[in-house]
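Topology and contacts: notes
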Amino acid sequence: MSLIVKKFGGSSVADAERVFRVASIITEEYKKGNDVIVVVSAQGDTTDDLLEKAYEINPDGGSKREIDMLLTAGEQISIALLAMAIEKLGYPVISLLGWQAGFQTDANYGIARIRDINAERMRAELAKRNIIIVAGFQGINKYDDLTTLGRGGSDTSAVAIAAAMKADRCQIYTDVDGVYSADPRKVTGAKKMDEITYDEMLELASLGAQVLNNRSVEMAKKYNVELEVLSSIEPKPGTIVKENVKMEKTLIRGVAKDCNVARISIIGLNDTPGVAFKLFNQLAQAKINVDIILQSVGRDGTKDITFTTPLTQSKDAMAALERIKDTLQFKEIISDNDCAKVSIVGAGMESHPGVAAKMFEAIYDAGINIQMISTSEIKISVLIDAKYADKAVQAVHDKLIG
Ligand code: ADP
Ligand code: ASP
Ligand code: MG
């Protein structure tokens, strides 16, 4: 007997028909004699719809605690409906909210980290031969308040359970049949991969390929949980995510885009030691994530610093910078919220010169201007105008993957 963890995303349980399709995938596994723990997300666009409701009440967004209280409701609905469908099929089942399944998190509302999973309840339910349906994306903090794990966080819930329960398999079911070299819904010619390493998947996920949440991949790597990404609609093998893959290192594994990016420039800073420290220290204290950084060469005693941050943090970043305007004595701050980051990922590129030039050529041929560039051993990212993001991804994919 094996223990199988299966996660179904929002689109896989969007309506009653899909809920029953998922229910039958689960009961087929159970019928083989296996223990099954299922993690499920909120149905369809429920999470977005709930956020919309919050903004109707308060356009500035409510407190983070109350937003989490609201959002956890989405998953509460889907676990109950899925459990009812499994009951209807005649199998023993129990739905559990995050806290009932033992998910303890820190108090960072909206993007909480899992501290521990107290698996006692899940073990007891498995001992009763119950199928367990767990609400993804949520937990409880030390104040007994509900928290959420960040958008797409149900993937992380599933990997966390697989790690805590030492599951034999962790399957992430979604609305595409695996991980592709680019978003298969947007890019023609995107190629499905049989396998991908944790490191490459982590880069792709962090750079915007939403098929897996980046924290889930980080956790899968840490606890060595092999993942399979597969379709909840078509029964066929998906993509395996693991430490080492059989294939030789391909040059470019994939192309991703991230539109949750803002660019902020601080113009006319003093060209003296300590300026970058003071500026980024201020941002760090305000818990702003900074990604690409560019500093101009000093001229006439002044310089400019430009950086990118998630669009969702751009307002907070601007406010934090305004607070040190007198100390830093810069001229002005300019922000651009219509940016996109387009990236290529591939473990093979570190030993192949010329990849960056090819990427830039593809973007040039598409008539798109590059605003910023950043590179690491296994990725190259460029910042461009958001309205050209899809065009750039297609052009880069055509040139480098074909
Ligand atoms: P779920 O609701 O199942 O969590 P998501 O919408 O979060 O599903 O993720 C699946 C989607 O990710 C797909 O529908 C696809 O459009 C998108 N996607 C983006 N990049 C990729 C990629 N490289 N491979 C596969 N899917 C991708
Ligand atoms: N329902 C949550 C979201 O939309 C969590 C998830 O889908 O994984 O982000
Ligand atoms: Mg998802």
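Refer to the preceding data block for the structure.
The present account deals with the structure reproduced in this document. Every chain begins its residue count from 1, and numbering advances along the sequence as written. All chains are assigned letters beginning at A, and all ligands numbers beginning at 1, according to the order in which they are written. Confidence filtering applies because this is a predicted model: local features only for residues at pLDDT of at least 70, side-chain atom pairs given and counted only at 80 or more, and all residues used for totals across whole chains, interfaces and linings. Hydrogens and water are ignored here; the side-chain numbers use all heavy atoms of the structure.

As for the sheet that holds strand β11 (residues 227–231)
To summarise the sheet geometry, strands pair through backbone hydrogen bonds and adopt either a parallel or an antiparallel arrangement. Strand pairing is assigned whenever DSSP detects at least two bridges linking the two strands. In this text, helices come from DSSP runs of H or I with a minimum length of four residues, and strands from runs of E with a minimum of two, each type numbered from the N-terminal end. In space, the eight strands of this open sheet follow the order β3-β6-β2-β1-β9-β11-β12-β10, with mixed pairing throughout. Strand pairing shows two members of the sheet lacking a second neighbour, β3 (93–96) and β10 (195–197), which therefore form its edges. If you compare each strand with its neighbour and ignore which way they point, the axes differ by 20 degrees on average. On the sheet, helix α6 (residues 198–206) packs against β10 and β12 (239–242) and is oriented at approximately 85 degrees with respect to β10. Convention adopted: a line fitted to C-alpha atoms gives each axis, helices being fitted over their contacting stretch, and angles between N-to-C directions are expressed from 0 to 180 degrees. Contacts between residues were defined by any pair of non-hydrogen atoms, one from each residue, lying within 4.5 Å.

Concerning the site of ligand 2
A single heavy atom is enough: if one lies within 4 Å of a molecule or strand, its residue is considered near that molecule or strand. With respect to spatial proximity, the complete set of residues near ligand 2 consists of Ser41, Ala42, Thr47, Glu75, Phe137, Arg151, Gly152, Gly153 and Ser154. A distance of 2.8 Å separates a nitrogen atom of ligand 2 from a polar side-chain atom of Thr47. We call two N or O atoms a polar contact when they sit within 3.5 Å, provided that within protein one can donate a hydrogen and the other can accept it, with sequence-adjacent residues counted only if both atoms are side-chain atoms. Residue Glu75 places a side-chain N or O atom 2.7 Å away from a nitrogen atom belonging to ligand 2. Method for areas: the Shrake-Rupley scheme with a 1.4 Å probe, in which residue coverage is limited to the protein chains shown. Isolated, ligand 2 exposes 260 Å² of accessible area, and the fraction of that covered by the protein chains is 86%. When residue character is reported, Ala, Val, Leu, Ile, Met, Phe, Trp, Tyr, Cys and Pro are called nonpolar, Asp, Glu, Lys and Arg charged, and the others, Gly included, polar. Class assignment for the residues of the shell around ligand 2 results in two nonpolar, five polar and two charged.

Focus: the nonpolar core
Buried residues of nine kinds, namely Ala, Val, Leu, Ile, Met, Phe, Trp, Tyr and Cys, make up a nonpolar core once their side-chain atoms join them within 4.5 Å. Only protein chains enter the area calculation, which uses a 1.4 Å probe; residues under 20% of their type maximum are buried, those over 50% are exposed, and those in between are partly exposed. One finds Ile37, Met122, Val134, Ile161, Cys170 and Met201 to be the most contacted residues of the largest nonpolar core, which totals 41 residues. In terms of residues, this core owes the most to one element, helix α5 (residues 154–164), which gives six residues. Look past the residues within four positions of Val134 in its chain and what remains in contact with it is Ile37, Val38, Val39, Val40, Ile79, Leu96, Ala101, Phe103, Met122 and Ile161. One finds Met349, Ala362, Ile363 and Ile380 within the second-largest nonpolar core, a separate group that totals 26 residues.

A look at the pattern of salt bridges
Salt bridges, as used here, are contacts in which a Lys or Arg side-chain nitrogen is within 4 Å of a carboxyl oxygen on Asp or Glu. For the structure on display, the rule yields 29 salt bridges. We note a salt bridge from Glu195 to Lys242, for which the minimum N-O separation is 3.2 Å. Remark: Lys242 occurs in strand β12 and Glu195 occurs in strand β10; sequence separation between them is 47 residues. Pair check on accessibility: Glu195 and Lys242 agree, each one buried. Among the ionic contacts, a cluster of salt bridges with common partners joins Lys6, Glu29, Lys32 and Arg169.

Topic: a nonpolar patch on the surface
Together, Ile77, Leu81 and Met84 make up an exposed nonpolar region whose accessible area comes to about 260 Å². In this structure, Leu81 sits in helix α3 (residues 64–88). Residues enter a patch when their relative accessible area is above 30% and they make no salt bridge; the linking distance is 9 Å between like charges and 5 Å between nonpolar side chains (Val, Leu, Ile, Met, Phe, Trp, Tyr).

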